[in-house]
Amino acid sequence: MSTTPRAARHIVQNEELLFEISEPGKAAYQLPELDVPPANVAALGERARSDIAGFPELSEIEIIRHFTRLSTWNYGVDTGLYPLGSCTMKYNPRVNEFVARLDAIAGAHPLQPEELSQGALRIMDLLSQYLLEICGMDAITLQPAAGAQGELTGILLIRAALQARGNARRLVLIPDSAHGTNPATAAIAGYEIAKLSSNAQGTVDMASLDRLMTDQVAALMLTNPNTLGIFEEDIHRIADLVHQRGGFLYMDGANMNALVGRARPGDFGVDVMHLNLHKTFSTPHGGGGPGSGPVAVKAELEPFLPTPVLTRRPNGALTLEEDRPHSIGRMRAFAGSFGMLVRALAYIMANGSDGLKQTTEDAVLNANYIRTRLKDVYALSYDTPTMHECVFSDKLQARKADVHTGDIAKRLIDYGFHPYTVSFPLIAPGAMMIEPTESASKRELDEFIAALRAIAQEVDTEPETVKTAPHTTRVSRMDEVAAARKPRLRWTED
Ligand SMILES: *Cc1c(COP(=O)(O)O)cnc(C)c1O
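Residue numbers here run from 1 along each chain, matching the order of that chain's written sequence. Local features in this predicted model are restricted to residues whose pLDDT is 70 or higher, and side-chain atom pairs enter the listing and the counts only when it is 80 or higher, whereas totals over whole chains, interfaces and linings include all residues. Working from all heavy atoms in the structure, the side-chain values ignore hydrogens and water.

**Considerations on the overall build of the chain**
Link 1 in the chain: For the chain, the count of helices and strands is 15 helices and 13 strands.
Link 2 in the chain: Each radius of gyration reported is based on C-alpha atoms, and the globular scaling rule is 2.2 Å times the count of residues to the power 0.38. For 494 residues, the compact-globule estimate of 2.2 N^0.38 gives 23 Å, and the C-alpha radius of gyration of the chain, at 25 Å, lies within 12% of that figure.
Link 3 in the chain: Seen along its three principal axes, the alpha-carbon backbone of the chain occupies a region of about 75 × 70 × 45 Å.
Link 4 in the chain: Across the 494 residues in the chain, those meeting the buried criterion constitute 48%. Helical segments are the DSSP runs of H or I of at least four residues, strand segments are the runs of E of at least two, and each set is numbered from the N terminus. Categorising residues by exposure relies on relative accessible area from a 1.4 Å probe, with only protein chains included: less than 20% of the type maximum marks a residue as buried, more than 50% marks it as exposed, and the intermediate range marks it as partly exposed.

**A closer look at the sheet that holds strand E11 (residues 390–393)**
Link 1 in the chain: One requirement defines pairing of two strands: DSSP has to find at least two bridges between them. The strand order across the open sheet built from four strands is E10-E11-E13-E12, with neighbouring strands paired in antiparallel fashion. On the outer flanks of this sheet lie strand E10 (379–380) and strand E12 (421–422), each paired with one strand and no other.
Link 2 in the chain: Here E10 runs beside E11; their pairing, made up of two bridges, is antiparallel. From the neighbouring strand, Ala 379 faces E11, where its bridge partner is Ser 393.
Link 3 in the chain: For this analysis, residues touch if any pair of their heavy atoms sits within 4.5 Å. Axes here mean lines fitted to C-alpha atoms, for a helix over just the part in contact, with angles spanning 0 to 180 degrees between N-to-C directions. Helix H10 (residues 338–374) contacts E10, E11 and strand E13 (431–434) of the sheet and is inclined by roughly 25 degrees relative to E11.

**Re the site of the ligand**
Link 1 in the chain: Definition of nearness: a residue and a molecule or strand are near each other if at least one heavy atom of the residue lies within 4 Å of the molecule or strand. Around the ligand sit 13 residues, and of these Ser 86, Gly 147, Asp 252, His 278 and Lys 279 come closest.
Link 2 in the chain: Polar contacts, as used here, are pairs of N or O atoms within 3.5 Å; protein pairs need one atom able to donate a hydrogen and one able to accept it. Residues neighboring in sequence count only if both atoms are side-chain atoms. Between an oxygen atom of the ligand and a main-chain N or O atom of Ala 148, the distance comes to 2.8 Å.
Link 3 in the chain: Here His 278 contributes a side-chain N or O atom positioned 2.6 Å from an oxygen atom of the ligand.
Link 4 in the chain: Notes on the ligand: free accessible area 380 Å², of which the protein chains cover 86%.
Link 5 in the chain: The greatest single-element share of the shell around the ligand, amounting to three residues, is contributed by helix H6 (residues 147–165).
Link 6 in the chain: By residue class, the composition of the shell around the ligand is three nonpolar, seven polar and three charged. Residue burial considers only the protein chains on display, and all accessible areas are found by Shrake-Rupley using a 1.4 Å probe. Only Asp, Glu, Lys and Arg are considered charged in this grouping, and only Ala, Val, Leu, Ile, Met, Phe, Trp, Tyr, Cys and Pro are considered nonpolar; every other residue, Gly among them, is considered polar.

**A few points about the layout of surface pockets**
Link 1 in the chain: In this structure, the largest pocket spans a volume of roughly 1400 Å³.
Link 2 in the chain: Forming the walls of the largest pocket are 32 residues, and the residues nearest its centre are Trp 73, Tyr 75, Ile 413, Thr 472 and Thr 473.
Link 3 in the chain: Considered class by class, the residues forming the lining of the largest pocket number 14 nonpolar, twelve polar and six charged.
Link 4 in the chain: In this structure, the second largest pocket encloses a volume near 540 Å³. The way it works is a 1 Å grid over only the protein atoms, where trapped points that fit a 1.4 Å probe form a cavity and open points with protein on both sides within 12 Å along at least five of seven lines form a pocket, and then any residue with an atom within 4 Å of a point lines it. Grid points are joined across faces, edges and corners, and a volume is the space filled by probe spheres set on the points.

**A word on the pattern of salt bridges**
Link 1 in the chain: A pairing counts as a salt bridge when a side-chain nitrogen of Lys or Arg comes within 4 Å of a carboxyl oxygen of Asp or Glu. Enumeration according to the criterion identifies 29 salt bridges in this entry.
Link 2 in the chain: Across the pair Arg 343 and Glu 97 runs a salt bridge, and its minimum N-O distance is 2.9 Å. Of this pair, Arg 343 sits in helix H10 while Glu 97 sits in helix H3 (residues 94–100), and the two are 246 residues apart along the sequence. You'll find Arg 343 and Glu 97 in the same group, each marked buried.
Link 3 in the chain: Among the salt bridges present, the one from Glu 302 reaches Arg 324, with a minimum N-O distance of 3.3 Å. In this pair, Glu 302 is assigned in the loop between strand E7 (295–297) and strand E8 (309–312) and Arg 324 in the loop between strand E9 (318–321) and H10, connecting sequence segments 22 residues apart.

**Regarding the side chain of Glu 151**
Link 1 in the chain: Along the polypeptide, Glu 151 turns up in helix H6.
Link 2 in the chain: Charged residues are defined here as Lys and Arg on the positive side and Asp and Glu on the negative side; His and the ends of the chain fall outside this count. Buried charged residue Glu 151 carries no salt bridge. Nearest counter-charge: Lys 279, at 7.7 Å.
Link 3 in the chain: Once residues within four sequence positions are removed from consideration, Glu 151 is found in contact with Thr 181, Asn 182, Thr 185, Met 221, Tyr 250, Asp 252 and His 274.

**Topic: the packing of helix H5 (residues 118–135) against H10**
Link 1 in the chain: Remark: H5 packs on H10, axes separated minimally by 10 Å, with the N-to-C direction vectors making an angle of 45 degrees. With respect to H10, the axis of H5 lies oblique. The hand of the H5/H10 crossing is left-handed. Contacts between H5 and H10 pair Ala 120, Ile 123, Met 124, Leu 126, Leu 127, Tyr 130, Leu 131 and Ile 134 from the former with Phe 338, Leu 341, Val 342, Ala 344, Leu 345, Ile 348, Met 349 and Leu 356 from the latter.
Link 2 in the chain: Each residue belonging to the contact of H5 with H10 can be placed in one class, and the counts come to 16 nonpolar, no polar and no charged. In what follows, roughly perpendicular refers to angles from 65 to 115 degrees, roughly parallel to angles under 35, roughly antiparallel to angles over 145, and oblique to any angle outside these ranges. Should the near helix be turned anticlockwise from the far one by less than a right angle, the crossing is termed left-handed; should it be turned clockwise, right-handed.

**A short note on helix H13 (residues 442–461)**
Link 1 in the chain: For H13, spanning 20 residues, the distance from its first C-alpha to its last is 28 Å, which sits close to the expected 28 Å at 1.5 Å a residue.
Link 2 in the chain: Along H13, the residues that are buried comprise Glu 444, Leu 445, Asp 446, Glu 447, Phe 448, Ile 449, Ala 451, Leu 452, Ile 455, Ala 456, Glu 458 and Val 459.
Link 3 in the chain: Where the residues of H13 are buried, they touch H10, helix H11 (395–401), helix H12 (405–414), E13 and helix H14 (463–467). Here the expected span of a helix is defined as 1.5 Å times the quantity of residues minus one.

**Examining the sheet that holds strand E6 (residues 272–275)**
Link 1 in the chain: Strand order across the open sheet formed by seven strands is E1-E7-E6-E5-E4-E2-E3, with mixed pairing between neighbours. Looking at the sheet topology across the chains shown, the edges are occupied by strand E1 (139–141) and strand E3 (192–196). The average undirected angle you get between the axes of adjacent strands in this sheet is 25 degrees.
Link 2 in the chain: As paired strands, E6 and E7 are joined by three bridges and run antiparallel to one another. Its bridge partner being in E7, Met 273 is matched across the sheet by Ala 296.
Link 3 in the chain: The strands touched by H6 are E1, strand E4 (217–223), strand E5 (248–253), E6 and E7; relative to E5, the strand with the most contacts, the crossing angle is about 170 degrees.

**As for the packing of aromatic side chains**
Link 1 in the chain: Two aromatic rings, drawn from Phe, Tyr or Trp (for Trp, its six-membered ring), form a pair once their centres lie within 6.5 Å of each other, and the interplanar angle then sorts them: stacked below 30 degrees, edge-to-face above 60, tilted otherwise. Enumeration according to the criterion identifies six aromatic pairs in this entry.
Link 2 in the chain: When the centroid spacing of 5.3 Å and the interplanar angle of 75 degrees are considered together, the rings of Phe 417 and Phe 448 count as edge-to-face. Of the two residues, Phe 417 sits in the loop between H12 and E12 while Phe 448 sits in helix H13, which places them 31 residues apart along the sequence. Neither residue differs from the other here; Phe 417 and Phe 448 are each classed as buried.
Link 3 in the chain: Criterion for a charge above a ring: Lys NZ or Arg CZ within 6 Å of the ring centre, and within 35 degrees of the ring normal. The ring of Tyr 191 carries Arg 159 above its face, with NZ or CZ at 4.9 Å from the centroid.
Link 4 in the chain: For the cation-ring pair, Arg 474 lies above Trp 73, with the distance from its terminal atom to the ring centre recorded as 3.8 Å.

This is the structure:
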C-alpha cells in the first residue's frame, strides 16, 4: 500500500461572486442583427416584468473559469471513495451516459405519437422485465421520481387494496431503525405510525411484532437489509405473521445493492417495494438531480398501479394505457425520469446477470473488510455480521476524549476522503455509517482504513486536532445550525 497521504496542499483561489466581478456591457454571446419584427412586449400588459435587471455581465471565459474553479472545491464519486452509508454512492459507468445521450433517445419527446415512440417504450418494457426478475415481483411502475415518492406510491397502493377489501385500516408499523422517509410517507398517506423496537441483534423483535400486528395495521414497512446493514433473518416468519393478520409487507428497497442476483424480495414474502435506480442501478444522484424510484408489486396490487400503465395492444405494439378504473392515478408527469430509466437499463445490460451478482458480492465483501479491519479501534453498534454497509459508534472516542462521530467525519476530509454518514441510523447513538460499495478497490479501502486508524490514534495523542478539523479545506467548521435555520440563498448588495 502506498504510504503517500492522499490529502495534499493545492492552489485554491479565493473566488468572488459573479455579481461582484460583473462589468456593465460585457456579454458571453453575440447575436446577429435582428431581422424579424421585435416582440410586442406591451401585449403582455401587467405580466411584462421590468424588475429583472441586475444580472451579472461577464465574458464567456470569465464564466467558464469561475465555475471550473468552483468545481475543484468539490468532492464527488469521480474524485474518490464516497462512503456515505445508506446512499450507495457507486460509480456511474460512462456507458450509461453514452446511451442516454444518443440522439434518438435524448431527443425523444414525451408527446411524440405512440407509433414513433415504440423504441422508448421498448426501453421501459425491457427495464420493467429485468427489474421484475431481479425482485421476484409480478408488476411494476417506473413513474416515481425517487425512493420517497416510491414509498408514497407503494403505501397508496396498499391503501387502495385494503379499501377494495372494505377497510383501509389505521396504522403502519415501522421499526425504530427505519429511514426518516418511511414514517413521513405513512403519515402523508393518512396513516398513524406505530413504532416497532429492534432486538439486541438490531433486527425485528418477533414478540413486539406479534403484539403490535393487529387488525388495524395496514402494513409493515421494512428495510431489508435494514439501516444497520443487517439482513432480517426472520423475514419469512415476519411476512407470514403480517399476512395472517391481513396486512401487507412493504419493503424499502434502497438497500438492494446487498441483494441483487442473490435473493429476491418477492420470494421472501414482500408484497410491495421500491427500488432506488439512483442507488443500486448506478444512475447519478445528489445535487437535486432527477432520481427514479420504481415500485414493484405482487399481482393483488396490480390493478391499482398509477396510470398510465405500459401494456401491449393486440397487434403487439406497446402502449401507455390510461383506462384503469382502480388506479390510484398519476404520480408523476409523462413516463417518470426517462433518462434515468435508460441509464439503469444500460447498467443492467452491460453487467449481465453474472456481473450484477458479482457487484452485490463485491459490495458486501468491501463492507465486511472495513468492518473487520476497524472493529478493534471503533466500537461496533451491533456485533452482527452485516451486508453492504457497517455501522460503528463513537463510543470509545467520546468516552476517552469527548470526540464525536461528526469530528471524526470532518477529520477524514483532511485525509482526502468524503465523510461517512454521521448520526444515522438513530438507534445507533454516535453512528458512523460506512458503505463503500463495490466501486472501491482494495488499495483504496486500505487507505481509507489506514486513515480511520490514524484518526483513532490522534484521538489519544492530539484530540484537539480532530475536534477542530478539517484543516486542509478552504473553510473549516461552519455554523451548521445557522446554515440550516437562516440560509441565505440569494445575493443581495448589502
Ligand atoms: C435513500 C433512502 C431512501 C429515500 O430515497 P430517495 O431517493 O432519497 O427519496 C429511503 N430509504 C432508505 C433506506 C434510503 O437509504
